[in-house]
Amino acid sequence: MASERDKPAQLPKWFNDTRRKEISTSGNVIFCILRLLDLPLQYHLLHSTLGTGIVRKLGGTAIAPGSGTTLNTTVLGLSLYHSLIWTLAVGAAAKQIYWCLFICDNAFEPGFSTTIAVYNTLLNTINTLLSLWAFSSNYSGAATRIELLISAPHVSSIPVGVALYATGIIVEWWCEIQRKRFKQDPANKGRLYANGLFGLARNINYGGYTIWRVGYSIICAGLPWGLGVGMFLFGDFANRAVPYLETYLGEKYGDQFEQVKKKVPYALLPGLY
């Protein structure tokens, strides 16, 4: 008897709408603009008194991100640590805008693209505020990159976070390029891609997103927060996004998708799920 997780998910109309093979220029433009606007927002939270003011209004003790001597202040007017936080937002926006402009070939309507952009801005903003809260922040007043890696309050947090962030961004970016190249070959029309990084897990792009989000969160607020974010994202993908997508693929590709599942037994992260 099949388990509840094995049963096909009932696909909502909005999901089927996002699978249409067409380019939504308005949706793409909105998404790119909103992702770009996230960068001055995160910088303003870090550089002005807005971010620290929000932390104080919430009852927390704030860190002044630009405080200290000029030795630990970068050209951004931020501490080395908070410059790193802003750089994480830049990397995330760059990766997602690249995907929108050069990878995505499904309908990305304004409503859906706005939801995805706002969701990512919300996650970034929470991380930024946590990096300004003395209780959770990894801020140490480090003056050099080496000091930043070894003198944080949670000594291993920042190097672990950087490694996870870089790995996740590269995995998500590269697997999507591999699949795009496969689909662009007319000989592969109507075929599912299950090689390259997608040979490790059927939805390795979601796995990559989870990994870099965990790394981002660890850098901002330590290992416990990163673990919490990872559990949230893993649960969301495993119980919502992956079942929706695999129900759709099963309905569209039938036996071919069943063969892919046999070849690639993991759905999200190799060796885990």
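Keep in mind that what you see is a predicted model, and the values were worked out from it rather than measured.

A. How the structure looks around the overall build of the protein. When helices and strands are counted, the protein shows nine helices and zero strands. If you list the helices and strands of the protein from N to C, you get α-α-α-α-α-α-α-α-α. Per-residue burial for the protein yields a buried fraction of 47% across its 273 residues. The contacts of the protein with a sequence gap of at least 6 include a subset with a gap of at least 24, amounting to 78%. For the protein, the accessible area works out to roughly 13,800 Å², and carbon and sulfur atoms hold 66% of it.

B. Inspection of the UniProt feature "transmembrane region" (unreviewed entry) in the protein at higher detail. Mapped onto this numbering, the UniProt entry annotates "transmembrane region" (unreviewed entry) at residues 84-104, 116-135 and 155-175. Helix makes up 95% of residues 84-104 and strand 0%, whereas the separation of the span's terminal C-alpha atoms amounts to 28 Å. Taken end to end, residues 116-135 is 80% helix and 0% strand, and its two terminal C-alpha atoms sit 29 Å from one another.

C. Main features of the packing of helix α4 (residues 80-103) against helix α8 (residues 204-253). Running from N to C, α4 and α8 cross one another at 165°; their axes reach a closest spacing of 10 Å. Comparing the axis directions of α4 and α8 gives the class roughly antiparallel. Every pair of crossing elements has a handedness; the one defined by α4 and α8 is left-handed. Within the contact between the two elements, α4 uses Tyr-81, Leu-84, Ile-85, Leu-88, Ala-89, Ala-92 and Gln-96 and α8 uses Tyr-209, Trp-212, Tyr-216, Ile-219 and Cys-220. Grouping the constituent residues of the contact of α4 with α8 by class yields eleven nonpolar, one polar and no charged.

D. Local environment of a nonpolar patch on the surface. On the surface, Tyr-98, Leu-101, Phe-102, Ile-170, Trp-173 and Trp-174 cluster together to form a nonpolar patch covering roughly 590 Å² of accessible area. Positionally, Trp-174 belongs in helix α7 (residues 157-184). On the basis of relative accessible area, Trp-174 is assigned to the partly exposed category, the value being 31%.

E. Structural detail: the side chain of Arg-213. For Arg-213, the position within the fold is in helix α8. We note that Arg-213 is buried and unpaired, the nearest opposite charge coming from Asp-38 at a distance of 6.9 Å. Within the structure, Arg-213 has its side chain in polar contact with the side chain of Asn-124 (distance 2.7 Å). Beyond its immediate chain neighbours, meaning those up to four positions away, Arg-213 contacts Asn-120, Leu-123, Asn-124, Asn-127, Val-229 and Leu-233.

F. The arrangement of the packing of α8 against helix α9 (residues 255-263) in detail. α9 packs onto α8 with a crossing angle of 130° between their chain directions and a minimal axis gap of 6 Å. By the angle between their directions, the pair α8 and α9 is classed as oblique. Residue-level inspection shows Glu-246, Leu-249, Gly-250 and Tyr-253 of α8 in contact with α9, the latter providing Asp-255, Gln-256 and Phe-257. Tallied by class, the residues present in the contact of α8 with α9 amount to three nonpolar, two polar and two charged.

Quick notes on the rules
- Residues numbered from 1 in each chain as written.
- Predicted model: local features only at pLDDT ≥ 70, side-chain atom pairs only at ≥ 80, totals over all residues.
- Heavy atoms only, no water.
- Helix = DSSP H or I, 4+ residues; strand = E, 2+ residues; numbered from the N terminus.
- Buried < 20%, exposed > 50% of the residue type's maximum accessible area, 1.4 Å probe, protein only.
- Contact = heavy atoms within 4.5 Å.
- Areas by Shrake-Rupley, 256 points an atom, 1.4 Å probe, with all protein chains shown as cover.
- UniProt positions renumbered as here; feature names shortened; annotations may be inferred.
- Axes fitted to C-alpha atoms, helices over the stretch in contact; angles between N-to-C directions.
- Parallel < 35°, antiparallel > 145°, perpendicular 65-115°, else oblique.
- Left-handed = near helix turned anticlockwise from the far one by under 90°.
- Nonpolar A, V, L, I, M, F, W, Y, C, P; charged D, E, K, R; others polar.
- Patch = residues over 30% accessible without salt bridge, like charges linked within 9 Å, V, L, I, M, F, W, Y side chains within 5 Å.
- Salt bridge = Lys/Arg side-chain N within 4 Å of Asp/Glu carboxyl O.
- Lys, Arg positive; Asp, Glu negative; His and termini not counted.
- Polar contact = N/O pair within 3.5 Å; in protein donor to acceptor, adjacent residues only side chain to side chain.

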